[in-house]
Amino acid sequence: MEPIDKTAAIGLDQLASLIARDVAKERDRGIHTLILSEENFIGGMRNNFQTGVFYPDVAHRLASFDRLVPMSPLRVALGVREYGAVWTSAYHYQPQSGRDVPDLARARATLMDHKRGWPEVANAARKVWPDADVMMWQQEHLVSSGAQICAQIMGLRADQIVMPEGKVNARKLTTTRPTVFSSEERKHLSHRYNRHLRRMQSAGNILW
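How each quantity is defined
Residues numbered from 1 in each chain as written. Predicted model: local features only at pLDDT ≥ 70, side-chain atom pairs only at ≥ 80, totals over all residues. Heavy atoms only, no water. Helix = DSSP H or I, 4+ residues; strand = E, 2+ residues; numbered from the N terminus. Buried < 20%, exposed > 50% of the residue type's maximum accessible area, 1.4 Å probe, protein only. Contact = heavy atoms within 4.5 Å. Areas by Shrake-Rupley, 256 points an atom, 1.4 Å probe, with all protein chains shown as cover. Lys, Arg positive; Asp, Glu negative; His and termini not counted. Charge placed at Lys NZ, Arg CZ, Asp CG, Glu CD. Patch = residues over 30% accessible without salt bridge, like charges linked within 9 Å, V, L, I, M, F, W, Y side chains within 5 Å. Salt bridge = Lys/Arg side-chain N within 4 Å of Asp/Glu carboxyl O. Pairing = 2+ DSSP bridges. Core = buried A, V, L, I, M, F, W, Y, C linked by side-chain atoms within 4.5 Å. Axes fitted to C-alpha atoms, helices over the stretch in contact; angles between N-to-C directions. Parallel < 35°, antiparallel > 145°, perpendicular 65-115°, else oblique. Left-handed = near helix turned anticlockwise from the far one by under 90°. Nonpolar A, V, L, I, M, F, W, Y, C, P; charged D, E, K, R; others polar. Arc of directions from axis to C-beta.

Participant: Would you mind going over the overall build of the protein chain with me for this structure?
Facilitator: Assigned secondary structure in the protein chain consists of eight helices and two strands. Shown N-terminal to C-terminal, the secondary structure of the protein chain runs as helices and strands in the order α-α-α-β-α-α-α-β-α-α. Once the C-alpha set of the protein chain is aligned to its principal axes, its extents read approximately 55 × 50 × 35 Å. Residues classed as buried in the protein chain amount to 32% of the 208 residues present. Look at the contacts in the protein chain between residues 6 or more apart in sequence, and 77% of them connect residues 24 or more apart. Counting every atom, the protein chain has about 13500 Å² of accessible surface; 52% of that belongs to carbon and sulfur. With 28 positive and 22 negative side-chain charges, the protein chain shows a separation of 4 Å between the mean positions of the two kinds.

Below, the structure written as structure tokens:
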């Protein structure tokens, strides 16, 4: 995430200039709100499996993005998901996307043995953008409260949001789905998730 040579540094500067020009064009058109939506801002699950760490180097990644855009965000929104579910989904996604399947034993041990989780990810966002509002929602609530979540993120009323019908970005699985965590392990991870939620919700510096 840093230029490795002169050519890379020039390319990075050109990219930042290109983004700045595009943003200026939108501002000249009267656009006042820019929403950047990309799940890999905080990193990808593939990297989590490779490093054995739950979203490593989040602050460094976000700082790198901050240098690319001509302004810092007023609001940072992040959806969180129960640990066993998010890691299981990511593990099954690897072969679906044509990637090698991570070692199952290591994937399980990584999450079971390390306590790092969503609070550390939220703290990293606040460290990089201390003046931004930090919002979070639980992915488990998207089905029942999707319009309300979108409205709160964008500062609109819920009745101004039109939700798509049917499944979005879903495809039929074509590979086997091995069991990643036992029922006892899933229960343990669920308890950890709930503890982390209570910690973040009681902190008072995150909007839910």
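Having seen it, we continue.
Participant: In this structure, what is going on with a nonpolar patch on the surface? I would like to understand it.
Facilitator: A contiguous nonpolar surface patch, about 230 Å² in accessible area, is contributed by Leu12, Leu15 and Leu18. Mapped onto the elements, Leu18 comes out in helix 1 (residues 6–28).

Participant: Hey, could you run me through the pairing of strand 2 (residues 133–138) in this one?
Facilitator: Successive side chains on a regular strand alternate, one facing one side of the sheet and the next facing the other. The element strand 2 is largely enclosed, with a buried count of five among its six residues. In terms of strand pairing, strand 1 (residues 75–80) meets strand 2 through six bridges, oriented parallel. Each bridged residue has a counterpart across the sheet, and for Ala77 the counterpart in strand 2 is Met135.

Participant: Looking at this structure, I do not really get unusual backbone geometry. What am I missing?
Facilitator: Apart from glycine, the bulk of residues carry a negative phi angle, and the bulk of peptide bonds sit in the trans form. Despite not being glycine, Tyr55 shows a phi value in the positive range, around 50°. In this fold, Tyr55 is placed in the loop between helix 2 (45–51) and helix 3 (58–68). Judged by its relative accessible area of 7%, Tyr55 is buried.

Participant: Can you walk me through the nonpolar core in this structure?
Facilitator: For soluble globular proteins, nonpolar side chains are generally found buried alongside one another. One finds Tyr55, Trp87, Trp118 and Val121 to be the most contacted residues of the largest nonpolar core, which totals 35 residues. Of all the elements in the fold, those that place two or more residues in this core are helix 2, helix 3, strand 1, helix 4 (83–96), helix 5 (104–113), helix 6 (118–128), strand 2 and helix 8 (183–203). Considering each element in turn, this core owes the most residues, six residues, to helix 6. Beyond its immediate sequence surroundings of up to four residues, Val121 is in contact with Ile42, Phe54, Tyr55, Val58 and Leu78.

Participant: Any chance you could explain the pattern of salt bridges here in plain terms?
Facilitator: Note on pairing: side chains with opposite charge can pair once their charged atoms come close. Applying the stated criterion to the full structure yields three salt bridges. In this structure, Glu26 and Arg29 form a salt bridge, with 2.4 Å as the shortest nitrogen-oxygen distance. Residue Glu26 is classed as partly exposed on the basis of its relative accessible area, which comes to 32%. A relative accessible area of 59% places Arg29 in the exposed class.

Participant: Would you take a moment to explain the packing of helix 5 against helix 8 for this structure?
Facilitator: Running from N to C, helix 5 and helix 8 cross one another at 40°; their axes reach a closest spacing of 11 Å. Put simply, helix 5 runs oblique to helix 8. The chirality of how helix 5 crosses helix 8 is left-handed. Contact residues: helix 5 offers Arg108, Leu111 and Met112, while helix 8 offers Glu185, His188, Leu189 and Arg192. Within the contact of helix 5 with helix 8, the residues separate by chemical class into three nonpolar, one polar and three charged.

Participant: Before we go on, may I ask you to explain helix 3 in this structure?
Facilitator: Given 3.6 residues per helical turn, the α-helix brings residues three or four places apart onto the same face. What helix 3 keeps buried is the set Val58, Arg61, Leu62, Ser64 and Leu68. When helix 3 is viewed along its axis, its buried side chains cluster within an angular range of 155° and face the same direction. Turning to helix 3, the residues buried within the fold contact helix 1 and helix 6.

Participant: Sorry if this is basic, but what is going on with the packing of helix 3 against helix 6 here?
Facilitator: For any two helices packed against each other, one specifies the inter-axial angle together with the distance between the axes. Across the interface, helix 3 lies against helix 6 with an axial gap of 8 Å and an inter-helix angle of 40°. Like other packed secondary-structure pairs, helix 3 and helix 6 cross with a definite hand, here right-handed. Between helix 3 and helix 6, the contacting residues are Val58, Ala59, Leu62 and Ala63 on the first element and Val121, Ala124, Ala125, Lys127 and Val128 on the second. When grouped by side-chain class, the residues that make up the contact of helix 3 with helix 6 number eight nonpolar, no polar and one charged.

Geometry only, nothing functional implied.
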